[in-house]
Amino acid sequence: QVQLVESGGGLVQAGGSLRLSCAASTRTFSSYAMGWFRQAPGKERDFVAAISYSGLSTRYADSVKGRFTISRDNAKNTVYLQMDSLKPEDTSVYYCAANPYGLGQGGGLNEYKYWGQGTQVTVSS
């Protein structure tokens, strides 16, 4: 079983930045595409960003393009989400997910087999 553990969430003011991390237990992390999703209270879980196994290909939701950057360090079995210019509407629980099937389109919940427990991000106005 692959375990994913998110960290780095917290409370920030609008316009601020946070970097989320997701540490993976799998020995084959370097072969997994990875994604970030978020879910606010009463909302569906939405795609945020995804990255290929190599880190050479990325996908972003329109709502975060230009503000968020996904990256990975395969030597550390870790994927990151750098969030800049945060807005109150970014407030959500953020989840990382592992996709053993390749990046594909990147944004579908059904593309991901393993999920972390989430980390809370709150952006105040």
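Residues numbered from 1 in each chain as written. Predicted model: local features only at pLDDT ≥ 70, side-chain atom pairs only at ≥ 80, totals over all residues. Heavy atoms only, no water.

(A) Summary view of the environment of Pro-88. Of note, Pro-88 is situated in the loop between β8 (78–83) and β9 (92–99). Separated by 37 residues in sequence, Pro-88 and Ser-125 have C-alpha atoms that sit 6.0 Å apart. Ignoring any residue separated from it by four or fewer positions in sequence, one finds Pro-88 in contact with Ala-14, Val-123, Ser-124 and Ser-125. (Helix = DSSP H or I, 4+ residues; strand = E, 2+ residues; numbered from the N terminus. Contact = heavy atoms within 4.5 Å.)

(B) The arrangement of the side chain of Arg-72 in detail. Note that Arg-72 resides in strand β7 (residues 68–73). In terms of polar contacts, Arg-72 uses its side chain to reach the backbone carbonyl oxygen of Tyr-32, at 2.7 Å. One polar contact links Arg-72 to Asn-74, side chain to side chain, over a distance of 2.7 Å. (Polar contact = N/O pair within 3.5 Å; in protein donor to acceptor, adjacent residues only side chain to side chain.)

Purely geometric numbers; function is a separate question.
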